[in-house]
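# Structural overview
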Number of protein chains: 2
Amino acid sequence: MRPATGPVAPATSTHHGLGVSDVRLDPAGFWGIRQAVNAGATLQHCLEWMERLGWIENFDRVARGEATVTRPGWQFSDSEIYKLLEAMAWELGRSPDASLAAAFDSLVDRVGAAQDDDGYLNTAHGHPGLPPRYSDMAMGHELYNTGHLLQAAVARHRTGHDDRLVQIARRAADQVCKEFGAGGFDAVCGHPEIEVALVEAGRAFGERRYLEQARLFVERRGRGTLPVRPLLSAEYFQDDVPVREASVLRGHAVRALYLSAGAFDVAVETHDEELADAVTTQWRNTVARRTYLTGGMGSRHQDEGFGDDWELPSDRAYCETCAGVASIMLAWRLYLATGEARYPDLIERTLFNVVATSPSEDGRSFFYANPLHQREPGASASDGVNNRAEGGVRAPWFDVSCCPTNVARTIASLGAYVASVDDEGIAVLQYAAGEIRAGGFVLHVQTRYPDEGTVLVRILAAPESESRLRLRIPGWAGSATVRVNLDEAIDVAPGWADIRRRFEPGDEIVLELPLTPRFTWPDDRIDAVRGTVAVERGPLVLCLESTDLPSYVRVDNVRLDADLAPYAHADGARAGGVIVAATSSSGPLPFSAARPLTTESVPVEFTLVPYHRWAERGPATMRIFIPVAG
Amino acid sequence: MRPATGPVAPATSTHHGLGVSDVRLDPAGFWGIRQAVNAGATLQHCLEWMERLGWIENFDRVARGEATVTRPGWQFSDSEIYKLLEAMAWELGRSPDASLAAAFDSLVDRVGAAQDDDGYLNTAHGHPGLPPRYSDMAMGHELYNTGHLLQAAVARHRTGHDDRLVQIARRAADQVCKEFGAGGFDAVCGHPEIEVALVEAGRAFGERRYLEQARLFVERRGRGTLPVRPLLSAEYFQDDVPVREASVLRGHAVRALYLSAGAFDVAVETHDEELADAVTTQWRNTVARRTYLTGGMGSRHQDEGFGDDWELPSDRAYCETCAGVASIMLAWRLYLATGEARYPDLIERTLFNVVATSPSEDGRSFFYANPLHQREPGASASDGVNNRAEGGVRAPWFDVSCCPTNVARTIASLGAYVASVDDEGIAVLQYAAGEIRAGGFVLHVQTRYPDEGTVLVRILAAPESESRLRLRIPGWAGSATVRVNLDEAIDVAPGWADIRRRFEPGDEIVLELPLTPRFTWPDDRIDAVRGTVAVERGPLVLCLESTDLPSYVRVDNVRLDADLAPYAHADGARAGGVIVAATSSSGPLPFSAARPLTTESVPVEFTLVPYHRWAERGPATMRIFIPVAG
């Protein structure tokens, strides 16, 4: 087995992810550009904001014994520093940089100075002037913070450093095990995260105790130990039903997804098939009934939570950026355990349409929520700390600022999700220009995906004996072709295209994915988008943005003619339809005895652009699902 | 001018409401039954809950000097006692009862004992052990509480009593004027209510100062004096734009509507046409684009607020019961100033479909939110204090329990909204069996409305000279007829049917309103209900409830055939359509390249019941807008 160097490294899986240094993304490619912006702008942006707001100084205050309840930041602000450390660690592993390394070390020193002798580390609890340790399990977020500290340390360790951050994290994890172990405080944290972090820390640092503690937390959950309050129900905390008995994800979306990732990790490491099956069923039902076309999850602003089945409003879609990140965390674990293509399919959808949507092109402002329909243009973001930008405008920072650092750690470690290896060979999962070294292969991937559908994989090195190179054929691709060297191109269906041979340096594989824009129709049970259709192109969900319409046409007055096929265009796609006049109701209410007729309509052709790009050209209105004419 | 005895009595309007004792509703009629249940069950229910929870004892604690911040109830719990006092006052005015009078007096004594020497009266602020007076204008709710105290006192005064509650309220109002008057504390309360209450108190008690203070509060609003916090924006508080500059209601729905009622009252009393026009425009735009078929207002759980134009989801409709009550308050004021039929039209819609929906038949449990679509049956309400029942189940009480007492005061004073008088005669606005004495008329109204469409108005007494009796022909009535004595029936259009003559005792007027069930189509701009239709019958919005379907048919699998006219049925209506099989998507997500086809469908006829009656037969699913087949 190859050494574990990626973000998730199960001890027992047959499929293994790569390390961040195993993949070099072409800096001119879709994701390479984003990694460069992340490294060159976002990391520093996050650091500056947290310094300015005093969230980092909170650690200094604790070290100086000057903590007070009037400290800046929420009780989970420590986690933002840890997520930034994780992002920095992956970035340093991907592309070493002395200045970044110095910033990383300095931040680690400040964090470490706040740690108690027994390993406890928190700036909002457990020190003179602050509430006692673990005095608010529901909303105190102490274990949540610790979980992110562990994930940062795992990233540091997996990128080849067994240094101070790792020591800090191990001491913090030891303290958690001592406090919450068997016979200890029988409690769980209101925000799951410690579970997934403890399993990964156990894997990375070789501490079985951490895994056992994660297992305890997973088993304790769903038994009503958390106090509920108005608007914070047991379901919100996933404390309503034990994980192994639930059939679908519910409550706060990020909480539900982090918990599922941790529970699945526990199941894999303990060979608990019942638990693994339960999480798999929850994933399947959640994706089938509670997930947006973008891969976004979470239908409700209230509770930042999942809705009922089929409750998928476009306008009030919450689709928190962090829920997209968490969904990728879960799907990646399910993939490593099963090797099924549906998981990297969802990862691709979520990467291109949620993770890529959140940050602006300059990497210095972000969407928190990612609605699929914006009726009114948002106001421009101010320079100050923003509320949760509820659609329509990316903001430089938030009062609850979980998303920027979550995007940063995901993009920094993105290379690790591009391929996997197993005993038979290598699987290319995501198509991005660059170079992949794993499983005895060195692959050079050349592509302008997702703008173009041709992917050229050139073998620079390969194992001596026969092996298998598999390419993921996305679920959205009706038909694709694969050609090996001068062989004839063969049609391949969604799933896997396997090429088995003794590969030679110089071998070339050409995958052709169809990028003709296509209609995508919603299930008839989704009330919110009945009578509408979306247009997709490759992995990209497209949208109609007001910026691309004449000023006198409102986005919501466009009706799409489903008899006219959309066609490719440099900006995304073009489609046809009509502009309808705003109907005026006869009565005072917008309801009438007569069925609404769109009598006045003007033929129109319009441009659809990738959803991830929307709102880059100033405040705008936008919609993904367009009502069908007639 | 007749003496003011109803809930709203502008000094300058040409139309005047009635006093609660001017109307006797038949105890077997739709609203008479509800008034009896309100008097016989709801008032006592509210009293018992507030006693049990210690909300009333909060006053005793202040009187004893034992107040603490650990007092039970939110900072606005005092207002529930005041709204109950208002309900009791109207009920005593309508139908005197010694036991109720004793309960009322006892409650007034306990409230009064907590009043400070300078008139300040609050159990959550301003006493040793509590935060200082007016130290949290955004969320402290002190003036909101005082407003409800004033409204209770106005009810007491208008029903003929100038006693202790009135004195308490006057002293409290004096304190407010002293503190917040010109040159005083330049602030407004985060929850409007004091404005409308001060104008009414000024009218009732003849204190122009109170009106002036209300005017100051209205003018101060919209200038950003309230501190905003995450998730509590200036828009939430209507502090974003001055009232006279806004074009539509926005933010927290109850706040917006209470403020509008107060602003309109100020405009009427100060002859401020600009302000009156602004409120009228806001009402028109809000009703045209932000109001549900039920008359419900407020599309968002988050913020309990209005959404954007056309944002009217059925499933997550908030439609807080209190917003329905507040909408009636506003529409009634607009009617009294203008005499336009569109206002009592909306009042009728809201009474039958929001106010009548909230309380259970026994008057001891309530809906807080009133969604138009319930996908999953709610769990039965527990006996304890409930969260905000978010649809599907009426609960006996809530943590924030504004709705029960708001329903109680509205139903107790309902008679006052049944008719109005002006210099030319009487207008019958709402059809309810009973007797009306006003403007020199005594009318006996005989009807089984809304179950039947015949309304017989018998003149028992009339003015000596020629006068006008006008009947409101509801906007929903395509055609109606009126017959006077043995004259031929004449067709009348929506609006007013005026009969002008020298009326004689014994004269009979028969109004026939068409109660054939009818389709009602949503404006095409309401995305959430595209491709659906509702069925109404008379003033009642009907719904499809799972209780009326075979157990193997899900509400959401019914498709309505719009070519088959619905027909009347004892329970409401019957309509036809098909049951569709649940479509299964081909991929993991509920979206596919193929347009969904409903191939398997079984013809079905189904019963639709009045929405106000839903969930009376156990947990159920329900929908008002039904997808159209084909």
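Everything here concerns the structure above.
Summarised in this report is the structure supplied together with it. Keep in mind it's a predicted model, so treat the numbers as computed, not measured.

## Points about the relation of the copies chain B and chain A
Overlaying chain B with chain A gives an RMSD of 0.0 Å, the required rotation being 180° about an axis along which the chain moves by 0.0 Å. The transformation just described matches what one would write down for a two-fold rotation axis. A share of 100% of the interface residues of chain B reappears at the interface of chain A, consistent with the copies meeting face to face through the same patch.

## So, the packing of aromatic side chains
A complete count under the given rule lists 48 aromatic pairs over all chains for this structure. Ring centres 5.3 Å apart and planes at 50° place the aromatic pair A:W31 and A:F352 in the tilted group. In this pair, A:W31 sits in helix α1 (residues 30–52) while A:F352 sits in helix α12 (residues 342–355), placing the two residues 321 residues apart along the sequence. Its relative accessible area of 2% is what places A:F352 among the buried residues. Between B:W49 and B:W397, the ring centres sit 6.0 Å apart and the planes meet at 5°, which makes this aromatic pair stacked. Residue B:W49 is found in helix α1 (residues 30–53), and its partner B:W397 is found in the loop between β3 (373–374) and α13 (402–412); the two are separated by 348 residues along the sequence. In this structure, B:W49 and B:W397 share a single accessibility class: buried. Among the aromatic residues, those joined into a ring-pair cluster are A:F30, A:W31, A:F352, A:Y431 and A:Y449. Over the face of the ring belonging to B:W31 we find B:R34, whose NZ or CZ atom lies 6.0 Å from the ring centre. Sitting above the plane of the B:W49 ring, B:R52 keeps its charged end 4.3 Å from the centroid.

## Regarding the sheet that holds strand β1 (residues 16–17) of chain A
Residue and element names in this part refer to chain A. Strand order across the open sheet formed by five strands is β1-β4-β5-β9-β12, with mixed pairing between neighbours. On the outer flanks of this sheet lie β1 and β12 (495–501), each paired with one strand and no other. For β1 and strand β4 (residues 419–422), the ladder comprises two bridges, and the chain directions are antiparallel. By the bridge assignment for β4, H16 is matched with V421.

## Side note on the interface of chain B and chain A
On the side of chain A, 60 residues touch chain B, which itself brings 60 residues to the contact. At the junction of chain B and chain A, the tally comes to eight salt bridges. Residue B:R559 pairs with A:D524 through a salt bridge whose shortest N-O separation is 2.9 Å. With four residues, the single largest contributor to the side of chain B that touches chain A is strand β14 (residues 518–522) of chain B. Among the residues making up the side of chain B that touches chain A, the classes are represented as 26 nonpolar, 13 polar and 21 charged. Sheet analysis places strand β14 (residues 518–522) of chain A next to strand β20 (residues 591–592) of chain B, joined by two bridges and oriented antiparallel. From the neighbouring strand, A:P522 faces β20(B), where its bridge partner is B:F591.

## Considering the nonpolar core
Counting residues in hydrophobic clusters, the biggest one holds 212 residues, and the most contacted among them are B:I81, B:L85, B:L471, B:I509, B:F606 and B:I624. Sequence-distant contacts of B:L85, that is, excluding residues within four places in its chain, are made with B:F104, B:L107, B:V108, B:V111, B:A152 and B:L165. Ranked by size, the runner-up nonpolar core spans 211 residues in total, among them A:I81, A:A169, A:A369 and A:C403.

Criteria and thresholds
- Residues numbered from 1 in each chain as written.
- Chains lettered and ligands numbered in written order.
- Predicted model: local features only at pLDDT ≥ 70, side-chain atom pairs only at ≥ 80, totals over all residues.
- Heavy atoms only, no water.
- Least-squares fit on C-alpha atoms with pLDDT ≥ 70 in both.
- Contact = heavy atoms within 4.5 Å.
- Phe/Tyr/Trp six-rings, centres within 6.5 Å; stacked < 30°, edge-to-face > 60°.
- Helix = DSSP H or I, 4+ residues; strand = E, 2+ residues; numbered from the N terminus.
- Buried < 20%, exposed > 50% of the residue type's maximum accessible area, 1.4 Å probe, protein only.
- Lys NZ or Arg CZ within 6 Å of the ring centre and 35° of its normal.
- Pairing = 2+ DSSP bridges.
- Salt bridge = Lys/Arg side-chain N within 4 Å of Asp/Glu carboxyl O.
- Nonpolar A, V, L, I, M, F, W, Y, C, P; charged D, E, K, R; others polar.
- Core = buried A, V, L, I, M, F, W, Y, C linked by side-chain atoms within 4.5 Å.

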